[in-house]
Amino acid sequence: MLSISDLHVAYGGTRALDGVSLDIAAGQTVLLVGANGAGKSSLINTVIGLVKARSGTISFEGREITSLDADVRARLGIGYSPEGRRVFPTMSVKDNVLAGAPQLKGQELSRRWDYLVAAFGFLAERQHQMAGQLSGGQQQLVAIARAMCGAPKLLLLDEPFLGLAPVWIEQISAAVRRMQNEGIAVLMAEQMARPALKIAHYGHVLRSGVIRRSGPTAEIRGEALAEEYL
Ligand SMILES: Nc1ncnc2c1ncn2[C@@H]1O[C@H](COP(=O)(O)OP(=O)(O)OP(=O)(O)O)[C@@H](O)[C@H]1O
Ligand SMILES: [Mg+2]
């Protein structure tokens, strides 16, 4: 579904990614672990089109998307939830979530809302509340629900567990499992390797912009956990 080949990214003279290649199949959850500054967000941001690659290619469903605009990539089916649980604090919970699918209207939009409420029960109770009043875990779920609202085929989650209590980590993990069952591919960047290893199928250990180790999560567990404490 997603294929990244020999990707190089730099900000001025700072190299962020130095020849990264990886693939994600439909329904597969791939974990990117690495310490602060390893290049996790740079990789995700390059896939969604926020950051431009110096060289290398990104293909989505067999089509090269390396130089497409971010909004075009989103319409092709690439969803994204940013680092730091970003919500629009003074907008209602429901409006925050529905902002993820500006192209949907009327019945289609209400069907999508019903689907998301089935996945995240608290959305129904809190729909009219301002998103800025929610707890951190709830805000993170709103950000993920927004990313899911556009019915993506590939969902990119940048540090979904950061700073969250176990109860919220469990809810987000359940949402990821639901997406796996629906055939949605997920690429998640996470410093908290332990809970992420429980839901991912495959992982890459990223250090200083280079993938140091790749494999099924059971095989890279040791290296991934060591990375947590760097
Ligand atoms: N907008 C930017 N301008 C300049 N340098 C940047 C920018 N964004 C990231 N970098 C640098 O690129 C490198 C990779 O950063 P990146 O944010 O991709 O890492 P990360 O793995 O997501 O880290 P974190 O766990 O802290 O989120 C770092 O050296 C960082 O300082
Ligand atoms: Mg980051």
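The following refers to the structure shown.

### Concerning the sheet that holds strand E5 (residues 63–64)
Move 1: Read from one edge of the open sheet, four strands run E2-E1-E4-E5, paired in antiparallel fashion. Two strands in the sheet have a free side with no partner beyond their single neighbour: strand E2 (14–24) and E5.
Move 2: Relative to E5, strand E4 (residues 55–60) is paired through two bridges, and the arrangement is antiparallel. When the sheet's bridge partners are listed, Ser-59 is paired in E5 with Glu-64.
Move 3: Those strands touched by helix H1 (residues 40–48) are strand E1 (2–11), E2 and E4, and its axis lies near 115 degrees from that of E1.

### Structural notes on the nonpolar core
Move 1: Core analysis: the largest hydrophobic core is formed by 46 residues, its most contacted members being Leu-116, Phe-120 and Leu-123.
Move 2: Among the elements that make up this core, the one with the highest residue count is helix H6 (residues 136–149) (seven residues).
Move 3: Setting aside anything within four residues of it in sequence, one finds Leu-116 in contact with Val-97, Leu-123, Ala-145, Met-148 and Cys-149.
Move 4: One finds Leu-22, Val-47, Ile-48 and Leu-156 within the second-largest nonpolar core, a separate group that totals 28 residues.

### Points about the coordination of the magnesium ion (ligand 2)
Ideal coordination angles are 109.5 degrees for a metal with four donors arranged tetrahedrally and 90 or 180 degrees for a metal with six donors arranged octahedrally.
Move 1: Note on the magnesium ion (ligand 2): its protein donors are Ser-41 (OG) and Glu-83 (OE). The metal-donor distances range over 1.9 to 2.1 Å. Of this pair, Ser-41 sits in helix H1 while Glu-83 sits in the loop between strand E6 (78–81) and helix H3 (93–98); the two residues are 42 residues apart in sequence, bridging distant segments of the chain.
Move 2: Of the residues examined, Glu-83 reaches a relative accessible area of 31% and is grouped as partly exposed.

### Quick notes on the site of ligand 1
Move 1: Around ligand 1 sit 14 residues, and of these Asn-36, Gly-37, Lys-40, Ser-41 and Ser-42 come closest.
Move 2: Ser-41 is positioned such that a nitrogen or oxygen atom in its side chain is 2.8 Å from an oxygen atom of ligand 1.
Move 3: Bound to the protein, ligand 1 loses 63% of the 630 Å² it would expose on its own.
Move 4: For the shell around ligand 1, the secondary-structure elements that each account for two or more residues are E2 and H1.
Move 5: The element contributing the most residues to the shell around ligand 1 is H1, with three residues.
Move 6: For the shell around ligand 1, the class distribution of residues is four nonpolar, seven polar and three charged.

Scoring rules and cut-offs
- Throughout, residues of each chain are indexed from 1 in the direction in which the sequence is written.
- All chains are assigned letters beginning at A, and all ligands numbers beginning at 1, according to the order in which they are written.
- Predicted model: local features are reported for residues with pLDDT of at least 70 only, side-chain atom pairs are reported and counted for 80 or more only, and whole-chain, interface and lining totals are derived from all residues.
- Derived side-chain values reflect all non-hydrogen atoms in the structure, with water molecules and hydrogen atoms excluded from consideration.
- Any two strands are treated as partners once DSSP identifies two or more bridges connecting them.
- Runs of H or I in DSSP of at least four residues are treated as helices and runs of E of at least two as strands, each being numbered from the N terminus.
- Note on contacts: a residue pair is in contact if any heavy atoms of the two residues lie within 4.5 Å.
- For helices, the axis comes from a line fit to the C-alpha atoms of the stretch in contact; other axes are also lines fit to C-alpha atoms, and the angle between any two N-to-C directions lies between 0 and 180 degrees.
- We call a set of buried Ala, Val, Leu, Ile, Met, Phe, Trp, Tyr and Cys residues a nonpolar core when their side-chain atoms join them within 4.5 Å.
- Burial classes: relative accessible area under 20% of the type maximum marks a residue as buried, over 50% as exposed, and values in between as partly exposed (1.4 Å probe, protein chains only).
- The donor definition counts N, O and S atoms within 2.8 Å of each metal and applies 3.2 Å to Na, K and Ca; water is not among these atoms, so some sites may look incomplete.
- For this description, a residue counts as near a given molecule or strand if any of its non-hydrogen atoms is within 4 Å of it.
- Pairing of N or O atoms within 3.5 Å defines a polar contact, subject to two protein rules: one partner must be a possible hydrogen donor and the other a possible acceptor, and residues neighboring in sequence count only if both atoms are side-chain atoms.
- In these tables, accessible area is a Shrake-Rupley quantity obtained with a 1.4 Å probe, and a residue counts as shielded only by the protein chains included in the view.
- Each residue gets one label: Ala, Val, Leu, Ile, Met, Phe, Trp, Tyr, Cys and Pro are nonpolar, Asp, Glu, Lys and Arg are charged, and the others, such as Gly, are polar.

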